Amino acid sequence: MSLLKQSIPTKLLDDNGMRLDGRRLDELRPTKLEMGTLKRADGSAYIEQGKNKILVAVYGPRELHPHHLALPDRCLLRCIYRMASFSVEERKSPAPGRREIELSKVIREAIEPALFLEEYPRAGIDVYIQILQADGGTRCASITAASLALADAGIPMRDIVVACAAGKVEDQVVLDIDDVEDKYGTGDMPVAMMPRKNEITLLQLDGIFSPEEFQKALELAQQGCKQLYELQRSVIKEKYKTIREEVGGDEKKEK
Ligand code: CDP
């Protein structure tokens, strides 16, 4: 057994109501977003949310292989969520497990409403999500990064999709639970949404929430999504600012 193994916490909130990592109840983990990380992908993004580290590569819309999967009226979106063996405390088998297959589906369904799949019949879009380090909330962080990678690939979208979980620890509703809070807390509610359209594209619930707690958790998760959306926007704007400067620079050179 590893010496680094997590000890079981007796309390998830201290006497001042602060969480184990020093966060307030309604505070997100420090988050870093990057787009265009991988040069060989059509689009890519990287997210660090707390200790989560996730890389996403997007290809397409492109010819679909194998051809027999092609859909006559729309594009096939494939999301492939995979955890590296070294991404979690107990070595994860490299073979895709049931959880990875389920999360791939959940992530696809959260992203799909934002895409104009009917515009690319018989084609395919592949979204590869590689979890390099996991610390709770990887499905949400993957959705946030995947939609940034889709934007990086220049794929038109109705809105960007952003995701964040709320949860319950010691009977308090908290934002953006980490692995310890997920394991030893009493509730987890991942939410994905299209923030400008104000439409929810994923809502899962694990644990027991009263109607009031449910409402509070949903509002808190949406607030978290809106903060992450601002981060996504600033990364996209930065990319296009850089491109504009480069293009502008070329124009000057031509003159
Ligand atoms: O990551 P997310 O919260 O979306 O999904 P989960 O199934 O609720 O997993 C919660 C956390 O459990 C992950 O983020 C990992 O930190 C951890 N986990 C693990 O330690 N070993 C696994 N084989 C799978 C997950």
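All of these numbers come straight from a predicted model, not from anything done at the bench. (Residues numbered from 1 in each chain as written. Predicted model: local features only at pLDDT ≥ 70, side-chain atom pairs only at ≥ 80, totals over all residues. Heavy atoms only, no water.)

Describing the overall build of the protein
Looking only at helices and strands, the protein features four helices and ten strands. Its helices and strands in sequence order give the protein the pattern β-β-β-β-α-β-α-β-β-α-β-β-β-α, from N to C terminus. Radius of gyration (C-alpha) of the protein: 19 Å, near the 18 Å computed for a compact globule of 255 residues. Considered along the principal axes of its C-alpha atoms, the protein spans approximately 65 × 50 × 40 Å. Taken across its 255 residues, the protein has 46% of its residues classed as buried. Computed over 38 positive and 42 negative side-chain charges, the inter-centroid distance for the protein is 4 Å. (Helix = DSSP H or I, 4+ residues; strand = E, 2+ residues; numbered from the N terminus. Rg over C-alpha atoms; globule rule 2.2 N^0.38 Å. Buried < 20%, exposed > 50% of the residue type's maximum accessible area, 1.4 Å probe, protein only. Lys, Arg positive; Asp, Glu negative; His and termini not counted. Charge placed at Lys NZ, Arg CZ, Asp CG, Glu CD.)

A word on the site of the ligand
Lining the immediate surroundings of the ligand are Met83, Val88, Arg99, Ala134, Asp135, Gly136, Gly137, Thr138, Arg139, Asp179, Asp182 and Lys183. Between the ligand and Gly137 there is a distance of 2.8 Å, counted from an oxygen atom to a backbone nitrogen or oxygen. For the ligand, whose free accessible area comes to 510 Å², the fraction covered by protein is 77%. The biggest single contributor to the shell around the ligand is helix α3 (residues 179–184), with three residues. Looking at the shell around the ligand residue by residue, the classes come out as three nonpolar, three polar and six charged. (Near = heavy atom within 4 Å. Polar contact = N/O pair within 3.5 Å; in protein donor to acceptor, adjacent residues only side chain to side chain. Areas by Shrake-Rupley, 256 points an atom, 1.4 Å probe, with all protein chains shown as cover. Nonpolar A, V, L, I, M, F, W, Y, C, P; charged D, E, K, R; others polar.)

Describing a nonpolar patch on the surface
On the surface, Tyr240, Ile243 and Val247 cluster together to form a nonpolar patch covering roughly 250 Å² of accessible area. Within the element layout of this structure, Tyr240 appears in helix α4 (residues 211–254). On the accessibility criterion, Tyr240 (41% relative accessible area) is partly exposed. (Patch = residues over 30% accessible without salt bridge, like charges linked within 9 Å, V, L, I, M, F, W, Y side chains within 5 Å. Salt bridge = Lys/Arg side-chain N within 4 Å of Asp/Glu carboxyl O.)

A word on the packing of aromatic side chains
Summed over all chains, the structure comprises one aromatic pair. Measuring from centroid to centroid gives 6.0 Å for Tyr59 and Tyr128, while their planes differ by 75 degrees, and the two rings are edge-to-face. Within this pair, whereas Tyr59 is found in strand β3 (residues 52–63), its partner Tyr128 is found in strand β5 (residues 123–133), the two being separated by 69 residues in sequence. On the basis of relative accessibility, which here comes to 24%, the residue Tyr59 falls in the partly exposed class. The ring centre of Phe116 lies 4.3 Å from the NZ or CZ of Arg158, which sits over that ring. A cation over a ring is seen here: Lys168 above Phe209, with NZ or CZ 5.5 Å from the ring centre. (Phe/Tyr/Trp six-rings, centres within 6.5 Å; stacked < 30°, edge-to-face > 60°. Lys NZ or Arg CZ within 6 Å of the ring centre and 35° of its normal.)

Concerning unusual backbone geometry
For the bond running from Gly60 to Pro61, omega is 0 degrees, close enough to zero to count as cis. Structurally, Pro61 is set in strand β3. With omega at -5 degrees, the peptide bond leading from His65 into Pro66 counts as cis. You can see Pro66 is positioned in the loop between β3 and β4 (76–83). For Arg122, which is not a glycine, the phi torsion comes out positive at approximately 70 degrees. Looking at the secondary structure, you find Arg122 in the loop between α1 (98–111) and β5. Here Arg122 falls in the partly exposed class, since its relative accessible area comes to 47%. The phi dihedral of Asn198 is positive, around 55 degrees, even though this residue is not glycine. Among the structural elements, Asn198 can be located in the loop between β8 (187–194) and β9 (199–203).

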